[in-house]
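# Architecture and fold: a report
Residues per chain, in single letters:
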Amino acid sequence: MATIVEPTSDFSALPQVGGEVFTAPLQRPQHVADDWLEPRQHDYDSQDDAVWDDLFARQAELLPGRACDAFMAGLDRLDLGRGGVPDFARLSHELGQLTGWSVVPVPMLIPDHVFFWHLANRRFPAGNFIRTRATFDYIQEPDVFHDVFGHVPLLSDPVFADYMQEYGRAGWKAMRHNRLKALGALYWYTVEFGLTRENGQLRIYGAGILSGPREAVFALEGQSPNRIMLDVDRVMRTDYAIDDLQPTYFVIESFADLYHRTVERDFNAIYRELSAGFTYANAAVLESDEVLHRGTQEYHTRGGRGSNAPPA
Ligand SMILES: [Fe+2]
């Protein structure tokens, strides 16, 4: 069982945690302190800026009519396409005026308790590096394009901004109950790979989908994946694929709906009922599911990433 000694309501200082709470131990680089914050943003050169611009142009062509309205509005309001990797000071200033959030550079994936702590304080940790041309189409580590293009526009939406802060606060409770995997699944199927509905049409709000070209089409239009209405208890019991397109996407009605279903739930009760591992495979369709589309799973049956299976 995790050992955490801080009170739940005080998020001003990092929690003291025992090593057993870590899902994946990370080696902290020497130049960062316990908060894992980089002293300054990386100095991107013209080649880096060109990678950002080209990634941006590709997504900007794909996403109208696919991304949710709040994302497109945030992209516009924060003017993330003004050229080159955005300057975090400028971005934080503008985002701060909208919702009180800031964007802070971190060297790599950071430990769960540090990530939660930053979110609880309305700071979004973003990778302090950008992919190269060699990894232009796919990179597993979240770089500045994934983190800023994918996540930051929605932080300008007041309801989603509150959801993210509450998620950070909820993380500490999950650690105390040793249920980080379950909370991780919720993050995965909402913040990273969530779909929503607008005027009866499916739209994307998950950053993992929004920041890449293949999944934006696959998630919405592919015959292969399941599309199922979000049920929090069910999602927190569901395994997920970290290095390939998702076999299943979960759909919310709105951010207010998401907030209501999660933040206003008693997670103590949920955690008491959950087992340590996942109950459902990531492609499973349950009798209790409200299914919008039952996928063929053809893409994954044919081998998924690394095979020649079309993402259809
Ligand atoms: Fe992400």
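Residues numbered from 1 in each chain as written. Predicted model: local features only at pLDDT ≥ 70, side-chain atom pairs only at ≥ 80, totals over all residues.

The helix and strand inventory of the protein stands at 13 helices and 7 strands. Scaling as 2.2 N^0.38, a compact globule of 312 residues should have a C-alpha radius of gyration of about 20 Å, and the protein matches this with 19 Å. Judged by the C-alpha coordinates and their principal axes, the protein covers about 50 × 45 × 35 Å. In the protein, which comprises 312 residues, the share counted as buried stands at 41%. Counting only contacts in the protein whose residues sit at least 6 apart along the sequence, the fraction spanning at least 24 positions is 67%. (Helix = DSSP H or I, 4+ residues; strand = E, 2+ residues; numbered from the N terminus. Rg over C-alpha atoms; globule rule 2.2 N^0.38 Å. Buried ≥ 20, exposed ≤ 12 C-beta atoms within 10 Å, placed from the backbone. Contact = placed C-beta atoms within 7 Å.)

Phi is positive for Asp 79, which is not a glycine, with a value near 50 degrees. Within the secondary structure layout, Asp 79 lies in the loop between α2 (69-77) and α3 (88-99). Owing to 12 C-beta atoms within 10 Å, Asp 79 belongs among the exposed residues under this scheme.

Core analysis: the largest hydrophobic core is formed by 80 residues, its most contacted members being Leu 155 and Ile 204. Counting residues per element, this core draws most heavily on helix α6 (residues 158-176), which supplies 9 residues. The residues touching Ile 204, leaving out its near neighbours within four places in the chain, are Arg 66, Ala 67, Cys 68, Leu 195, Ile 209, Leu 210, Ala 216, Ala 219 and Leu 220. (Core = buried A, V, L, I, M, F, W, Y, C linked by C-beta atoms within 7 Å.)

This paragraph deals with the pairing of strand β4 (residues 201-204). For strand β3 (residues 195-198) and β4, the ladder comprises 4 bridges, and the chain directions are antiparallel. Across the sheet, the residue bridging to Glu 198 is Gln 201, located in β4. Turn length for the β3-β4 hairpin, with the two strands adjacent in sequence and antiparallel, is 2 residues, and the turn residue Asn 199 shows positive phi of about 50 degrees. (Pairing = 2+ DSSP bridges.)

Our focus in this paragraph is the packing of α6 against helix α11 (residues 255-262). At a minimum axis separation of 9 Å, α6 and α11 run at an interaxial angle of 25 degrees. In terms of orientation, α6 lies roughly parallel with respect to α11. As for the relative orientation of α6 and α11, their crossing is left-handed in sense. Facing Val 159, Phe 160, Asp 162 and Tyr 163 of α6, the residues of α11 in contact are Phe 255, Ala 256, Leu 258 and Tyr 259. Of the residues in the contact of α6 with α11, the class split is 7 nonpolar, no polar and 1 charged. (Axes fitted to C-alpha atoms, helices over the stretch in contact; angles between N-to-C directions. Parallel < 35°, antiparallel > 145°, perpendicular 65-115°, else oblique. Left-handed = near helix turned anticlockwise from the far one by under 90°. Nonpolar A, V, L, I, M, F, W, Y, C, P; charged D, E, K, R; others polar.)

Our next topic: helix α4 (residues 112-120). Where burial is concerned, most of α4 is hidden: 9 out of the 9 residues are buried. For α4, every residue scored as buried is listed here: Asp 112, His 113, Val 114, Phe 115, Phe 116, Trp 117, His 118, Leu 119 and Ala 120. Buried-residue contacts for α4 involve β1 (102-106), β2 (123-127), α6 and α7 (180-192). Arg 122 sits one or two residues past α4 and shows a positive phi near 55 degrees.

Attention now moves to the sheet that holds strand β6 (residues 248-252). Sheet architecture is open: 5 strands sit in the order β4-β3-β6-β5-β7, paired in mixed fashion. The sheet is open, and its two edges are formed by β4 and β7 (291-293), each paired on a single side. Between one strand axis and the next, the sheet turns through 35 degrees on average, direction left out of account. Strands in contact with helix α9 (residues 213-221) are β3, β4 and β6; relative to β4, the strand with the most contacts, it is inclined by about 155 degrees.

Right, let's talk about the environment of Val 106 for a bit. Among the secondary structure elements, Val 106 is positioned in strand β1. What makes Val 106 buried here is the crowd of 23 C-beta atoms within 10 Å. Apart from residues lying up to four places away in sequence, Val 106 is in contact with Trp 36, Leu 37, Glu 38, Pro 125, Ala 126, Gly 127 and Asn 128.

Structurally, the position occupied by Ala 276 is in the loop between α12 (267-273) and β7. Its 8 C-beta neighbours within 10 Å are what place Ala 276 among the exposed residues.

Take α6 next. Under the 1.5 Å per step criterion, the end-to-end length of α6 is 28 Å for 19 residues, consistent within 8% with the ideal 27 Å. Every buried residue belonging to α6 is among Phe 160, Ala 161, Tyr 163, Met 164, Gln 165, Tyr 167, Ala 170, Gly 171, Trp 172, Ala 174 and Met 175, and all of these are buried. Looking at the buried residues of α6, the elements they touch are α2, α3, α4, α7, α11 and α12. (Expected span 1.5 Å × (residues − 1).)

Once that is clear, we can look at the environment of Ala 185. Note on placement: Ala 185 falls in helix α7. Among the residues examined, Ala 185 registers 21 C-beta atoms within 10 Å and is labelled buried. Other than its neighbours up to four places away in sequence, Ala 185 contacts Val 235, Met 236, Thr 238 and Tyr 240.

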